[in-house]
Amino acid sequence: MRSRYKTLIMSGALAAIFFHFHSPVVTFGSVAYAAGNTQAKAAPAKTSDKTAATYDIPDVIQRTSPSVVAIIGKPTEQANSTNRFNLAHGTGVIVKADGWIVTNAHVVKNMSNLTVVTLDGKQYSGKVTNMDEESDLALVKIAATGLAPAKFATNYAMKMGETVVAIGTPISFSLRNSATSGIISGVNRSVNSTYRLIQTDAAVNPGNSGGPLVNMKGEVVGINSLKFASVGVDNLSFAIPADTVQYVLHHFFTYGKVKRPYFGAELEESWAAVVGLPTKEPLRVMRVEPGSPAAAAGIGPGDVIYSINNQSITTIVDFNELLKKYLPGQKVEIMTQSNGDLIKKNVTFAETKK
């Protein structure tokens, strides 16, 4: 049986161990991602109470575990296999009492015959209703009522060093609802991702994907998604922040998909931004799609982009994070430099097509 976890695999012996637990790997440069396995209309999951009390680790685990489920299924590439033990699994978080569960897209992609198991051991047949590989999030629906939705942190000032707990289904399905603790090692991280991530040293393993990272108020601050694996690299894991999860869930429940605004230009970061140095250098336009919103606004190759609606951007992740505020059809003012002149240009976003 294989656990589902998205892993950034470097060189070394440990990498071979992680290949054992994962589906086929797709390589992007020197970094490899292990692939894992969506229209409903409803309100987003509960959000946090800023005045909520803090608890110790055992209390946090006890309060949060009823909102955590284990997900198991058969990899679709093995659909015709007669080996009934050839399975894959991951973790999910209950977001609505009537059976809505969020997990990672790579957990349920290419997975059939989903079975969801709640903390009390009840089993339900699961169906993937919405999937967004860009954010690595998906929704699974089960026929259940009276479940315990997780509380998601909102407008939460996360601090480096604060204690967090990861709950999931590591390595073996028999280890579901295992818990580990650690700290927030970093915030606003970018690791080959579209959006910012949370870094933690809480121990996470294959099968933890889709599980919650929880603060000491019992609030979900992130959904565990990927980790570095290499000889000499320890406790370097990443979670999708709660605000991104809520953004995607809102779009799933409202539109049936994530309606991303389409700009239509290929952007390049400065050298400093690429290597991780602090910088105020703007983004450079490398290519513009004919007929795109960028082209319609008169933006062309060689132009640089300083800000969107007066909010400065220096990285592609900055740009993507800003786009979360807008929908297709909305207009923004972009500060550009073209042929040496600073010019404000109005851009009306279209909808991203896949």
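None of these values were measured; they are calculated from a predicted model.

All right, on to the overall build of the protein chain then. What the protein chain contains, in helices and strands, is seven helices and 25 strands. For the protein chain, with 354 residues in total, the buried portion stands at 52%. For the protein chain, the computed accessible surface area is about 15900 Å², with 51% contributed by carbon and sulfur atoms.

This next bit is on helix α7 (residues 316-323). Of all eight residues in α7, seven are buried, a share of seventy percent or more. The complete set of buried residues in α7 reads Val317, Asp318, Phe319, Asn320, Glu321, Leu322 and Leu323. At its buried positions, α7 is contacted by α4 (242-255), β18 (261-262), β19 (265-268), β20 (283-288), β21 (304-308) and β22 (311-312).

Within the secondary structure layout, Lys109 lies in the loop between α3 (105-108) and β8 (111-117). Take Lys109: its relative accessible area is 29%, and that puts it in the partly exposed class.

Glancing now at the side chain of Asp318. Turning to its location among the elements, Asp318 is positioned in helix α7. In this structure Asp318 comes out as buried when scored by relative accessible area, which is 17%. Engagement of the side chain of Asp318 in a polar contact is seen with the side chain of Arg196, the distance being 2.9 Å. Excluding residues that lie within four positions of it along the chain, Asp318 makes contacts with Arg196 and Ile313.

Moving on, we get to the pairing of strand β5 (residues 68-75). Most of β5 sits out of view: eight of its eight residues are buried. Here five bridges tie β5 to β8, and the two strands are oriented antiparallel to one another. Across the sheet, residue Pro75 finds its bridge partner in β8, namely Met111.

Turning next to α4. End to end, α4 covers 19 Å across 14 residues, agreeing with the expected 20 Å (1.5 Å per residue, within 8%). Judged by how many residues are buried, α4 sits mostly within the fold: ten of 14 residues are covered. Phi for Gly256, located one or two positions after α4, is positive at around 85°.

Within the secondary structure, Lys324 is located in the loop between α7 and β23 (331-338). You can call Lys324 buried: its relative accessible area is 13%. Within polar-contact distance, the side chain of Lys324 engages the side chain of Glu321 at 2.9 Å. When sequence neighbours within four positions are dropped, the list of residues in contact with Lys324 reads Tyr195, Asp243, Thr244 and Tyr247.

Of note in this structure, Asn110 is not a glycine but carries a positive phi near 60°. On the secondary structure map, Asn110 appears in the loop between α3 and β8.

What follows deals with the packing of aromatic side chains. Considering all chains together, one arrives at four aromatic pairs under this definition. Judged by centre distance (5.4 Å) and plane angle (90°), the ring pair of Trp100 and Phe253 falls under edge-to-face. Within this pair, whereas Trp100 is found in strand β7 (residues 100-103), its partner Phe253 is found in helix α4, the two being separated by 153 residues in sequence. An identical accessibility class is assigned to Trp100 and Phe253; each is buried. Ring centres 6.3 Å apart and planes at 75° place the aromatic pair Tyr195 and Tyr247 in the edge-to-face group.

For the rest of this paragraph, the subject is the nonpolar core. Grouped together as the largest cluster of nonpolar side chains are 25 residues, with contacts concentrated most on Val95, Val102, Phe152, Ile223, Val245 and Leu249. Among the secondary structure elements, those contributing two or more residues to this core are β6 (88-96), β7, β10 (137-142), β16 (219-229), β17 (237-241) and α4. For this core, the element with the highest residue contribution is α4, accounting for seven residues. Those residues in contact with Val102 that sit more than four places away from it in its chain are Gly92, Val93, Val95, Leu137, Ala138, Leu139, Phe152, Gly210, Ile223, Val245 and Leu249.

Right, let's get into the pattern of salt bridges. Summed over the entire model, instances satisfying the criterion amount to nine salt bridges. One salt bridge in this structure joins Asp132 and Arg260, with 2.6 Å as the shortest N-O distance. Pair noted here: Asp132 is in strand β9 (residues 123-132) and Arg260 is in the loop between α4 and β18, with a separation of 128 residues, a long-range link. Neither residue differs from the other here; Asp132 and Arg260 are each classed as buried. For Glu321, the salt bridge goes to Lys324, with nearest N and O atoms at 2.9 Å. Classification of Glu321 by relative accessible area gives buried; the value is 12%. Here the salt bridges share partners, and the residues they tie into one network are Asp243, Glu321 and Lys324.

Calculation criteria
Residues numbered from 1 in each chain as written. Predicted model: local features only at pLDDT ≥ 70, side-chain atom pairs only at ≥ 80, totals over all residues. Heavy atoms only, no water. Helix = DSSP H or I, 4+ residues; strand = E, 2+ residues; numbered from the N terminus. Buried < 20%, exposed > 50% of the residue type's maximum accessible area, 1.4 Å probe, protein only. Areas by Shrake-Rupley, 256 points an atom, 1.4 Å probe, with all protein chains shown as cover. Contact = heavy atoms within 4.5 Å. Polar contact = N/O pair within 3.5 Å; in protein donor to acceptor, adjacent residues only side chain to side chain. Pairing = 2+ DSSP bridges. Expected span 1.5 Å × (residues − 1). Phe/Tyr/Trp six-rings, centres within 6.5 Å; stacked < 30°, edge-to-face > 60°. Core = buried A, V, L, I, M, F, W, Y, C linked by side-chain atoms within 4.5 Å. Salt bridge = Lys/Arg side-chain N within 4 Å of Asp/Glu carboxyl O.

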